Amino acid sequence: MTDAMLYQAARDAMKNAYVPYSGYRVGAALLAKDGRLFTGCNIENAAYGNTLCAERTALVKAVSEGARAFTKIAIAASGSAPFPCGACRQSLYEFAPGLEVLVTWDGPEGQQERKTTLAALLPEGFGPLSLGVEV
Ligand SMILES: [Zn+2]
């Protein structure tokens, strides 16, 4: 699975975003170590606190299908860079502290892409090993 394919899967996942309040569509494509790809979109709710981010939608789909290890996630949006929020960084860290994070968006200067890591986005993360648990 190339990075270009991951970016495209994230862009495709944006199409299903349910965003009547913010209008900010986000798609995510999470690549499992076993090669399976799980996508997700953001799903807003009239009770705003129930809103789900695209990254966590993809993650819960993956874990519920038995995937436990991940290598990369691509996240796509329009307008501004969709770097994962704090809650998503923490949720991803549980399963993939070494995750590569690929971000793409269509901004005023055209299509942008950035690559980073979860370790850079969430330094000194709190995970299973913090509780002495090896998962
Ligand atoms: Zn989030």
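In case you missed it, the structure is sitting above this.
My aim in this report is to walk through the structure given alongside it, one point at a time. (Residues numbered from 1 in each chain as written. Predicted model: local features only at pLDDT ≥ 70, side-chain atom pairs only at ≥ 80, totals over all residues. Heavy atoms only, no water.)

### Digging into a nonpolar patch on the surface
- The grouping of Tyr-18, Tyr-21, Ile-43, Tyr-48 and Leu-52 at the surface amounts to a nonpolar patch, some 510 Å² of accessible area in total.
- Given a relative accessible area of 37%, Leu-52 falls into the partly exposed group. (Patch = residues over 30% accessible without salt bridge, like charges linked within 9 Å, V, L, I, M, F, W, Y side chains within 5 Å. Areas by Shrake-Rupley, 256 points an atom, 1.4 Å probe, with all protein chains shown as cover. Salt bridge = Lys/Arg side-chain N within 4 Å of Asp/Glu carboxyl O. Buried < 20%, exposed > 50% of the residue type's maximum accessible area, 1.4 Å probe, protein only.)

### Examining the packing of aromatic side chains
- In the structure shown here, the tally under the stated rule is two aromatic pairs.
- When the ring of Tyr-21 is compared with that of Tyr-48, the centres are 5.6 Å apart and the planes differ by 50°; the resulting orientation is tilted. In this pair, Tyr-21 sits in the loop between helix H1 (3-14) and strand S1 (26-32) while Tyr-48 sits in the loop between strand S2 (37-41) and helix H2 (54-64), placing the two residues 27 residues apart along the sequence.
- When its relative accessible area of 58% is taken as the criterion, Tyr-48 is described as exposed.
- Aromatic pair Phe-70 and Phe-95: ring centres 6.4 Å apart, planes at 85°, arrangement edge-to-face. With Phe-70 in strand S3 (residues 70-78) and Phe-95 in helix H3 (residues 86-95), this residue pair connects regions lying 25 residues apart in the sequence.
- Residue classification places Phe-70 among the buried positions, given a relative accessible area of 6%.
- With a relative accessible area of 26%, Phe-95 lands in the partly exposed category. (Phe/Tyr/Trp six-rings, centres within 6.5 Å; stacked < 30°, edge-to-face > 60°. Helix = DSSP H or I, 4+ residues; strand = E, 2+ residues; numbered from the N terminus.)

### Looking at the pairing of S3
- In terms of burial, S3 is a largely internal element, seven of the nine residues being buried.
- Summarising the sheet, S3 and strand S4 (residues 100-107) pair through seven bridges and their orientation is parallel. Paired with Ile-73 across the strands is Val-101, a residue of S4.
- Running through H3, the crossover from S3 to the neighbouring parallel element S4 is right-handed. (Pairing = 2+ DSSP bridges. Right-handed = clockwise from strand over helix to strand, strands pointing away.)

### Quick word on the side chain of Arg-89
- Structurally, Arg-89 is set in helix H3.
- Here Arg-89 is buried and forms no salt bridge, its nearest opposite-charge partner Glu-55 lying at an N-O distance of 7.5 Å.
- When sequence neighbours within four positions are dropped, the list of residues in contact with Arg-89 reads Phe-83, Pro-84, Leu-118, Leu-121 and Leu-122. (Lys, Arg positive; Asp, Glu negative; His and termini not counted. Contact = heavy atoms within 4.5 Å.)

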